[in-house]
Amino acid sequence: ILLLTVVGAGQGTAISMAMDKTAGIVERFRTMAIARDAVLTGHVLGSVIQTFLALALVGIVATAAGLDEDTVTSLVGLGVVIALFTLPVWAVLIG
């Protein structure tokens with residue numbers, strides 16, 4: 001469930017970035033004095049925040065559903081693994 005949350009958020013970022021390119025927003029930003037990858041960085045950072053909020057919500061629901069505290073501490077370690085998994089997935093989806 002947690003990995004599906006990450007991939008779903010990555011798809012949303014990829015779709016949002018493609019819509020910005022199609023709508024011409026990226027072309028407008030190129031005329032301004034901003035970094036070339038600023039739009040991509042903004043999309044990715046926004047999605048990282050949304051993904052970790054969603055993962056925290058999944059953890060809260062799992063704890064409320066009866067997951068014991070020892071398992072919750074192991075979920076923190078799993079969160080680190082998921083964080084390491086998130087960036088390559090988004091690199092493939094957006095790149």
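We now turn to the structure provided with this report.

Parameters and conventions
- Residues numbered from 1 in each chain as written.
- Predicted model: local features only at pLDDT ≥ 70, side-chain atom pairs only at ≥ 80, totals over all residues.
- Heavy atoms only, no water.
- Helix = DSSP H or I, 4+ residues; strand = E, 2+ residues; numbered from the N terminus.
- Rg over C-alpha atoms; globule rule 2.2 N^0.38 Å.
- Buried < 20%, exposed > 50% of the residue type's maximum accessible area, 1.4 Å probe, protein only.
- Patch = residues over 30% accessible without salt bridge, like charges linked within 9 Å, V, L, I, M, F, W, Y side chains within 5 Å.
- Areas by Shrake-Rupley, 256 points an atom, 1.4 Å probe, with all protein chains shown as cover.
- Salt bridge = Lys/Arg side-chain N within 4 Å of Asp/Glu carboxyl O.
- Expected span 1.5 Å × (residues − 1).
- Contact = heavy atoms within 4.5 Å.

**A word on the overall build of the protein**
Helix and strand counts for the protein stand at four helices and zero strands. The globule rule puts the C-alpha radius of gyration for 95 residues at 12 Å, and the 16 Å found for the protein is more than 25% above it. The principal-axis extents of the C-alpha atoms in the protein amount to approximately 55 × 20 × 20 Å. Taken over 95 residues, the protein has a buried fraction of 24%.

**Some points on a nonpolar patch on the surface**
A surface patch of nonpolar side chains, about 260 Å² in accessible area, is lined by Phe29, Met32 and Ile34. Its place among the elements puts Phe29 in helix 2 (residues 25-30).

**Here's the deal with helix 3 (residues 38-64)**
With 27 residues, helix 3 extends 39 Å between its outermost C-alpha atoms, agreeing within 8% with the 39 Å of an ideal straight helix rising 1.5 Å per residue. Taken as a whole, helix 3 has its buried residues at Val39, His43, Val44, Ser47, Val48, Thr51, Leu55 and Gly59.

**Some remarks on the side chain of Asp20**
Secondary-structure assignment places Asp20 in helix 1 (residues 2-23). If we ignore the near neighbours within four places in the chain, the residues touching Asp20 are Ile25, Val26, Val39 and His43.

**Describing the environment of Ile25**
Tracing the sequence through the fold places Ile25 in helix 2. Overall, Ile25 belongs to the partly exposed group, its relative accessible area being 28%. With 14 residues separating them along the chain, Ile25 and Val39 place their C-alpha atoms 9.4 Å apart.

Worth remembering: the numbers are spatial, not functional.
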